[in-house]
Amino acid sequence: SSHFGSRVDGPVAREASPPPRLHIERQPASMVNIPKTRNTYCRKCKKHQPHKVSQYKTGKKTGKAQGDRRYEKKQKGFGGQTKPVFHKKAK
C-alpha cells in the first residue's frame, strides 16, 4: 500500500474496442505498474464490472486537524523534539 489512493471513474464498456494508441507515455523506472482497470461494484448495474482507475496524490495538509494542533502545542517552548522522527527508510 502506498500514499497514493485510487479513484474509480466508471464502468468500462465491454463491447467497445480500445482506441488506437497514438502517444505512448514513458514512465521512469522507479514507477510501479498499476492496472488501468479494476473489477468493482457498480451501483447503477448492481453487479461487479471493470471500472477505469486513476491514481491520486494525497492532498495538501491544512494543519488544522486535531493531531496537528496537538503536536504543535506539544512542540512549543523548550525541550526539543517531543515525538520520534522516523529515519529508517526502506532499503
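The structure this text deals with has already been given above.
Cut-off values and rules
- Residues numbered from 1 in each chain as written.
- Predicted model: local features only at pLDDT ≥ 70, side-chain atom pairs only at ≥ 80, totals over all residues.
- Heavy atoms only, no water.
- Helix = DSSP H or I, 4+ residues; strand = E, 2+ residues; numbered from the N terminus.
- Areas by Shrake-Rupley, 256 points an atom, 1.4 Å probe, with all protein chains shown as cover.
- Salt bridge = Lys/Arg side-chain N within 4 Å of Asp/Glu carboxyl O.
- Buried < 20%, exposed > 50% of the residue type's maximum accessible area, 1.4 Å probe, protein only.
- Contact = heavy atoms within 4.5 Å.
- Patch = residues over 30% accessible without salt bridge, like charges linked within 9 Å, V, L, I, M, F, W, Y side chains within 5 Å.
- Lys, Arg positive; Asp, Glu negative; His and termini not counted.
- Charge placed at Lys NZ, Arg CZ, Asp CG, Glu CD.
- Polar contact = N/O pair within 3.5 Å; in protein donor to acceptor, adjacent residues only side chain to side chain.
- Pairing = 2+ DSSP bridges.

Topic: the overall build of the protein
Then step 1. In terms of helices and strands, the protein carries 1 helix and 3 strands.
Then step 2. In the protein, the succession of helices and strands from N to C terminus is β-β-β-α.
Then step 3. When the accessible surface of the protein is totalled, it reaches about 9600 Å², and 55% of it is carbon and sulfur.

Quick notes on the pattern of salt bridges
Oppositely charged side chains may form a pair once their charged atoms are brought near each other.
Then step 1. Going through the model one piece at a time under the given rule, you end up with 1 salt bridge.
Then step 2. Here K61 ties to D68 by a salt bridge, and the two come within 3.6 Å at their closest N and O atoms.
Then step 3. The exposed category is assigned to K61, whose relative accessible area is 64%.

What to know about the environment of G63
Then step 1. Summarising the element assignment, G63 is placed in the loop between β3 (47–56) and α1 (66–75).
Then step 2. Among the residues examined, G63 registers a relative accessible area of 39% and is labelled partly exposed.
Then step 3. Those residues within four positions of G63 in sequence are excluded, and the remaining contacts are D68 and R69.

Regarding a positive patch on the surface
Then step 1. Residues R69, R70, K74 and K83 make up a contiguous surface patch of positive charge.
Then step 2. Checked against the element boundaries, R70 lands in helix α1.
Then step 3. The class for R70 is exposed, based on a relative accessible area of 53%.

Here we look at the side chain of H51
Then step 1. Within the secondary structure, H51 sits in strand β3.
Then step 2. Take H51: its relative accessible area is 4%, and that puts it in the buried class.
Then step 3. Side chain to side chain, H51 and T40 meet in a polar contact 3.0 Å long.

Side note on the pairing of β3
Then step 1. Bridging between strand β2 (residues 37–42) and β3 involves 6 bridges; their strand directions are antiparallel. The residue bridging C42 from the neighbouring strand is K47, located in β3.
Then step 2. As consecutive antiparallel partners, β2 and β3 are separated by 4 residues, and within that stretch K46 has a phi angle of approximately 60 degrees, a positive value.

Things to note about the environment of Q66
Then step 1. Position of Q66 relative to the elements: it lies in helix α1.
Then step 2. The partly exposed category is assigned to Q66, whose relative accessible area is 41%.
Then step 3. Within the structure, Q66 has its side chain in polar contact with the side chain of R69 (distance 2.7 Å).

Note that every value here comes from positions in space, so none of it alone points to a role or purpose.
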